[in-house]
Amino acid sequence: MAVDTSLRRGSHGAAKLEACVDRDFEMAKKLIEDTVRSLGLDPAATCVENGDARASWTLKRGSVSVLVSLAKPASDATTYLRVASPVVSLPSDGTRHLAMCRRLLELNASGLSNAAFGLVGDRVIAVSERPTQGLDQQEVEQMVRHLAAVADTFDDRLAKEFGAAKA
């Protein structure tokens, strides 16, 4: 089931737009819950946040944890799906720290597809994000599996190359 955005086309007025975004959010939430079930997990057990504007699930995939989040920011008339996974902590040594940041930027520019590395504090994360418009269950599952594979691959490589602690 893809998220239907036909109500957005030609709709005039804040109430109609808000109702459409609310519907997108609920449909996307159902897609994520269906995906979590298809991965052999219980959506209720993995849900860590379930609000009107944000919902999140934490999944264990191989050796990594994956956070699947759905958000509808008040400043935007769109719902977003974000999949993120901690990879490693930045090395405390300044030279290694700088070298790792350079390597992450190089990977973002040439070595990854449908994912990017970023920083949250001193933690390197792998992340993929997209609007929920046109989203279907296969895409949700692909994002979760792909991001988990990226994090699982690069946690070992980056830890070895830069002496970083795995997340």
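Treat the numbers as computed from the prediction; the structure is a model and nothing was measured.

Student: Hey, could you go over the pairing of strand 4 (residues 80–89) for me, with residue numbers and the actual values?
Tutor: Working note: regular strand, side chains alternate between the two faces of the sheet. For strand 4, the buried fraction is high: seven of the 10 residues fall into the buried class. The pairing of strand 3 (residues 64–71) with strand 4 spans five bridges and is antiparallel. Bridged to alanine 71 within strand 4 is tyrosine 80. In this structure, strand 4 lies alongside strand 6 (residues 123–131), joined through nine bridges in antiparallel fashion.

Student: Any chance you could break down the packing of helix 3 (residues 94–110) against helix 4 (residues 137–162) for me, citing the residues and the numbers?
Tutor: Where helix 3 contacts helix 4, the axes come no closer than 10 Å and their chain directions differ by 145°. Judged by the sense of rotation from one axis to the other, the crossing of helix 3 with helix 4 is right-handed. Note on element contacts: helix 4 touches helix 3 through Phe154, Leu158, Glu161 and Phe162, opposite Arg96, Ala99, Met100, Arg103, Leu104 and Leu107. Partitioning the contact of helix 3 with helix 4 into residue classes produces seven nonpolar, no polar and three charged.

Student: Residues and numbers for the environment of glutamate 33, please.
Tutor: Assignment of secondary structure puts glutamate 33 in helix 1 (residues 14–38). We classify glutamate 33 as partly exposed; its relative accessible area is 24%. Once the C-alpha coordinates of glutamate 33 and glutamine 137 are considered, the two residues, 104 residues apart in sequence, prove to be 9.4 Å apart. Once residues within four sequence positions are removed from consideration, glutamate 33 is found in contact with Pro43 and Trp57.

Student: Go over the pattern of salt bridges with me, naming the residues and quoting the values.
Tutor: For the structure shown, the criterion picks out 11 salt bridges. With a closest N to O distance of 2.2 Å, lysine 72 and aspartate 22 form a salt bridge. In this pair, lysine 72 is assigned in the loop between strand 3 and strand 4 and aspartate 22 in helix 1, connecting sequence segments 50 residues apart. For lysine 72, a relative accessible area of 15% gives the class buried.

Student: Which residues make up the packing of aromatic side chains, and what values do they have?
Tutor: Inspection of the entire model under this criterion finds one aromatic pair. Taken together, a centroid distance of 5.4 Å and an interplanar angle of 80° make the contact between phenylalanine 117 and phenylalanine 154 edge-to-face. Of this pair, phenylalanine 117 sits in strand 5 (residues 116–120) while phenylalanine 154 sits in helix 4, and the two are 37 residues apart along the sequence. Residue classification places phenylalanine 117 among the buried positions, given a relative accessible area of 7%. Note that lysine 72 overlies the ring of phenylalanine 25, its terminal NZ or CZ placed 5.2 Å from the centroid.

Student: Explain the side chain of threonine 46 to me, and be specific about the residues and the numbers.
Tutor: Along the chain, threonine 46 falls in helix 2 (residues 43–46). Taking relative accessible area as the criterion, threonine 46 reaches 10% and is therefore assigned buried. Sequence-distant contacts of threonine 46, that is, excluding residues within four places in its chain, are made with Val36, Leu41, Ser56, Trp57, Thr58 and Leu59.

Student: How would you summarise helix 3 if you had to cite specific residues and measurements?
Tutor: Over its 17 residues, helix 3 extends 24 Å from the first C-alpha to the last, a length consistent with the 24 Å expected when each residue adds 1.5 Å. Regarding helix 3, the residues found buried are Met100, Leu104 and Leu107. The buried side chains of helix 3 occupy one side of the element, clustering within an arc of 65° when seen end-on. Opposite the buried face of helix 3, at more than 90 degrees from it, the exposed residues are Thr95, Leu98, Arg102, Leu105, Ala109 and Ser110. Those residues of helix 3 hidden inside the fold are in contact with strand 4, strand 5, strand 6 and helix 4.

Student: Requested: an account of helix 4, with residues and values cited.
Tutor: The first and last C-alpha atoms of helix 4 sit 37 Å apart over 26 residues, in line with the 38 Å expected at 1.5 Å per residue. Largest kink in helix 4: about 25°, centred on phenylalanine 154. Of all the positions in helix 4, only Val140, Met143, Val144, Leu147, Ala148, Val150, Ala151, Phe154, Asp155, Leu158, Ala159 and Phe162 are classed as buried. In the stretch just after helix 4, glycine 163 is the one whose phi turns positive, near 65°.

Basis of the calculations
Residues numbered from 1 in each chain as written. Predicted model: local features only at pLDDT ≥ 70, side-chain atom pairs only at ≥ 80, totals over all residues. Heavy atoms only, no water. Buried < 20%, exposed > 50% of the residue type's maximum accessible area, 1.4 Å probe, protein only. Helix = DSSP H or I, 4+ residues; strand = E, 2+ residues; numbered from the N terminus. Pairing = 2+ DSSP bridges. Axes fitted to C-alpha atoms, helices over the stretch in contact; angles between N-to-C directions. Left-handed = near helix turned anticlockwise from the far one by under 90°. Contact = heavy atoms within 4.5 Å. Nonpolar A, V, L, I, M, F, W, Y, C, P; charged D, E, K, R; others polar. Salt bridge = Lys/Arg side-chain N within 4 Å of Asp/Glu carboxyl O. Phe/Tyr/Trp six-rings, centres within 6.5 Å; stacked < 30°, edge-to-face > 60°. Lys NZ or Arg CZ within 6 Å of the ring centre and 35° of its normal. Expected span 1.5 Å × (residues − 1). Arc of directions from axis to C-beta. Bend = angle between axes of the 7 residues up to and from the residue.

None of the figures reported here should be taken as evidence of function without further support.
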